[in-house]
Amino acid sequence: MAKKKAPPPIATSTLKNGLSMSSLTTVQARNQFSEVINRAAFGKERVVLTRRSHELVAVVPIEDMRLLQSLENQIDIEAARTALKEPGSIPWKTLKAELGL
């Protein structure tokens, strides 16, 4: 019986903010899927997956994703507030009435 070959280690670098970010190919990620998920979930690492030396996607802790969503929501709210102040804005009630909603 042939011995199972150990997977290559995941390359890791530390960012300026102290968080670590790992990088590996999509093939390596497929072969080490559980480890990739655990490193993001429990080790709070960001894991970048590459294909043909190009960054493709990232596996990030859920806290990072929630922070990104919150930032996007704040940007959307600011854009909406700015749009409401522009001349020519139509109140929602008026628009609904015009559209028959």
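The paragraphs below set out a description of the structure included in this document. All values derive from a computational prediction rather than experimental measurement.

Parameters and conventions
Residues numbered from 1 in each chain as written. Predicted model: local features only at pLDDT ≥ 70, side-chain atom pairs only at ≥ 80, totals over all residues. Heavy atoms only, no water. Pairing = 2+ DSSP bridges. Helix = DSSP H or I, 4+ residues; strand = E, 2+ residues; numbered from the N terminus. Salt bridge = Lys/Arg side-chain N within 4 Å of Asp/Glu carboxyl O.

On to the pairing of strand 3 (residues 46-51), then. It is a general feature of regular strands that their side chains alternate between the two faces of the sheet. Bridge analysis of strand 3 against strand 4 (residues 54-59) gives five bridges, and the strand direction is antiparallel. Looking across to strand 4, one finds that Leu49 is bridged to Val57. Between strand 3 and strand 4, which pair antiparallel and follow one another directly, the connecting turn spans two residues, one of which, Arg52, has a positive phi of 55°.

Turning to the pattern of salt bridges, a few remarks are in order. A side chain of one charge can pair with a side chain of the opposite charge when the charged atoms of the two come close. Scanning all chains against the criterion turns up five salt bridges. Residue Asp64 pairs with Arg46 through a salt bridge whose shortest N-O separation is 2.6 Å. Here Asp64, found in helix 3 (residues 62-85), pairs with Arg46, found in strand 3; they are 18 residues apart in sequence, far enough to count as distant. For Arg81, the salt bridge is made with Glu78, and the minimal N-O distance between the two is 3.4 Å. Here the residue Arg81 and the residue Glu78 both occupy positions in helix 3, the gap between them amounting to three residues, near one helical turn.

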